[in-house]
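One-letter residues, chain by chain:
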Amino acid sequence: MVLYWTIIAIVAAEFIYSIVLSLLNRRASHQPIPRLLEGIYDDQAYQRQQAYSRENARFGLISNCVDTTLLLTLFALGGFSWFDSVSRDVSQQPILTALVFFGIFYLVDWAVGLPFSIYATFHIEEKYGFNRTTPRLFIADTLKGMVVSLVLYALLISVVVWIYGQMPTYFWLVAWGVLSVIMLVIQFLYSDLIVPLFNKQTPLAEGELRTAIEEFANRVDFKLKNIYVIDGSKRSSKANAYFTGFGPRKRVVLYDTLMEQLTTDEIVAVLAHEIGHYKHRHILKGIVSTLLTNLINFYLFSIVIDSQEIAAAAGCATPSFHINMTVFMLLFTPVQIITSMLGNIISRRHEWQADEFACQHGMGVALGNALKKMSAKSLANLTPHPAVVFTQYSHPTLLQRMEHFCIKTESN
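Residues numbered from 1 in each chain as written. Predicted model: local features only at pLDDT ≥ 70, side-chain atom pairs only at ≥ 80, totals over all residues. Heavy atoms only, no water.

Before going further, it helps to spend a moment on the packing of aromatic side chains. Scanning the entire structure with this criterion turns up 26 aromatic pairs. Where phenylalanine 122 meets phenylalanine 138, the ring centres are 5.3 Å apart and the plane angle is 70°; that geometry is what we call edge-to-face. One end of the pair, phenylalanine 122, is in helix 4 (residues 94-127); the other, phenylalanine 138, is in helix 5 (residues 135-166), and 16 residues separate them in sequence. An aromatic cluster is defined as three or more aromatic residues linked by ring pairs; in this entry it consists of Tyr4, Trp5, Phe75, Phe80, Trp82, Phe83, Phe101, Phe102 and Phe105. In this structure, lysine 144 packs its charged tip against the face of phenylalanine 198, placed 5.5 Å from the ring centre. For the cation-ring pair, arginine 251 lies above tyrosine 228, with the distance from its terminal atom to the ring centre recorded as 4.1 Å. (Phe/Tyr/Trp six-rings, centres within 6.5 Å; stacked < 30°, edge-to-face > 60°. Helix = DSSP H or I, 4+ residues; strand = E, 2+ residues; numbered from the N terminus. Lys NZ or Arg CZ within 6 Å of the ring centre and 35° of its normal.)

Below you can see the structure in the form of structure tokens.
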């Protein structure tokens, strides 16, 4: 009974925690634009940004309330126990039982979240000029995303449950090793297998931009041949760019919207920042950190995987992989919040180092200009609350980064 109420308290505390941060952020967003960021928005654009921020805050609050209410209702009224009973009626085979259980959970969560996704896309994003997704494309994305998720989840769950059945003593170590390999393979092949299901990637054509990118890459001794443009504009007007892959398969992916919004020098500056991540081995460090975190999680889960008390907290008489894992994830929420916070601290440090790399190679001013343009185009909040930045931001704020660029420019 103590464990049952502990889980209720954790879920409620997480909800209150998120609400407090949201309210703090909403209050901080009303501050005047910092002097260093003046000019990013005119008065009309700033009022539009404030309205966009408020609407997203309200939407997030309602979505959070629904999610928390659903979770508490399922837990308090024996929903997990009912899912378990239905799963066992379908099959007594452990792998199939787990697949049915998590499948039901996934579909319930998907059904509840779908109206929110539709509203966010076709009302909020549409209202502020960001949405370019058609209903037909939205349906196609939703169905393909569901199929990909179910296939991947089914694969991972099947592998883990099978390993647990074969070697329960060392399950945590073997399962971690196997899933680590699968994760690395998926990440390695992501651009070739997953992205083409949703977007078209085409090699960047010869011309001024490709020449400028290749010249900078050669200047900083970064071997780069694969430069692609992705058709992000068919869904949103927001811009982005990213690195993916390893070794000879690494590639730069530019959103076509980025090419529409930025100059050649600014795009090269954005890539200079990304190359800085690669030069500082941030991608490798992130993978190692994720693998170590997963190893610890698997070990802790192995301690409670057969716990009768854990199963009883969910209203189940018999422990099982799927029930105990679900309850473990709820109990582990405070730890996840702390580890996420630590991860964000490290991520912000990595972003500073990547910015520093761009500055050292003469791209600081161009990168600052690019960030200001991208922030303005996306109606970004220029004055987030420090507590929100500390706990939830994986990147430094625009103001912090602009102060850094100004210092570098003056020192040069």
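On to the packing of helix 3 (residues 79-90) against helix 12 (residues 321-331). Relative orientation of the contacting elements helix 3 and helix 12 amounts to 155°, with a least axis distance of 10 Å. Taken together, the axes of helix 3 and helix 12 lie roughly antiparallel to each other. The chirality of how helix 3 crosses helix 12 is right-handed. Residues Phe80, Asp84 and Arg88 of helix 3 lie in contact with helix 12, whose contacting residues are His322, Ile323, Thr326 and Leu330. Partitioned by chemical class, the residues of the contact of helix 3 with helix 12 number three nonpolar, two polar and two charged. (Axes fitted to C-alpha atoms, helices over the stretch in contact; angles between N-to-C directions. Parallel < 35°, antiparallel > 145°, perpendicular 65-115°, else oblique. Left-handed = near helix turned anticlockwise from the far one by under 90°. Contact = heavy atoms within 4.5 Å. Nonpolar A, V, L, I, M, F, W, Y, C, P; charged D, E, K, R; others polar.)

The next point concerns the packing of helix 2 (residues 43-76) against helix 4. The interhelical angle for the contact between helix 2 and helix 4, taken along N-to-C directions, is 175°, at an axis separation of 11 Å. In terms of orientation, helix 2 and helix 4 fall into the roughly antiparallel class. Contacts between helix 2 and helix 4 involve Tyr52, Glu55, Asn56, Phe59, Ile62, Ser63, Val66, Asp67 and Leu70 from the former and Val108, Val112, Phe116, Tyr119, Ala120, His123, Ile124, Glu125 and Lys127 from the latter. Partitioned by chemical class, the residues of the contact of helix 2 with helix 4 number eleven nonpolar, three polar and four charged.

The next subject is the pattern of salt bridges. Applying the stated criterion across every chain, the model contains ten salt bridges. A salt bridge links arginine 210 to glutamate 214; its shortest N-O distance comes to 3.0 Å. Placement of both arginine 210 and glutamate 214 in helix 7 (residues 208-219) is noted, with a separation of four residues, approximately one turn of the helix. Since its relative accessible area comes to 26%, glutamate 214 is described here as partly exposed. In this structure, the salt-bridge partner of arginine 401 is aspartate 355, at a minimum N-O distance of 2.9 Å. Residue arginine 401 is found in helix 16 (residues 398-411), and its partner aspartate 355 is found in helix 13 (residues 333-360); the two are separated by 46 residues along the sequence. The class for aspartate 355 is buried, based on a relative accessible area of 0%. Ionic contacts of the salt-bridge type, sharing partners, join the residues Glu206, Arg210 and Glu214 into one network. (Salt bridge = Lys/Arg side-chain N within 4 Å of Asp/Glu carboxyl O. Buried < 20%, exposed > 50% of the residue type's maximum accessible area, 1.4 Å probe, protein only.)

On to helix 9 (residues 264-279). Between its first and last C-alpha, helix 9 extends 22 Å over 16 residues, near the 22 Å set by a 1.5 Å rise per residue. With 13 of 16 residues buried, helix 9 lies mostly within the body of the structure. Taken from the residues just after helix 9, arginine 281 is the one with a positive phi, measuring 60°. (Expected span 1.5 Å × (residues − 1).)

What follows concerns the sheet that holds strand 4 (residues 251-255). Taken in spatial order, the four strands make up an open sheet running 1-2-4-3, and their pairing is mixed. Here the strands that pair on one side only, and so sit at the sheet edges, are strand 1 (201-203) and strand 3 (241-244). Geometrically, the sheet is characterised by an average inter-axis angle of 30° between neighbouring strands, direction not taken into account. On top of the sheet, helix 9 reaches strand 3 and strand 4; it is set at about 35° to strand 3, its chief contact. (Pairing = 2+ DSSP bridges.)

Any functional reading would require information beyond the geometric quantities listed.
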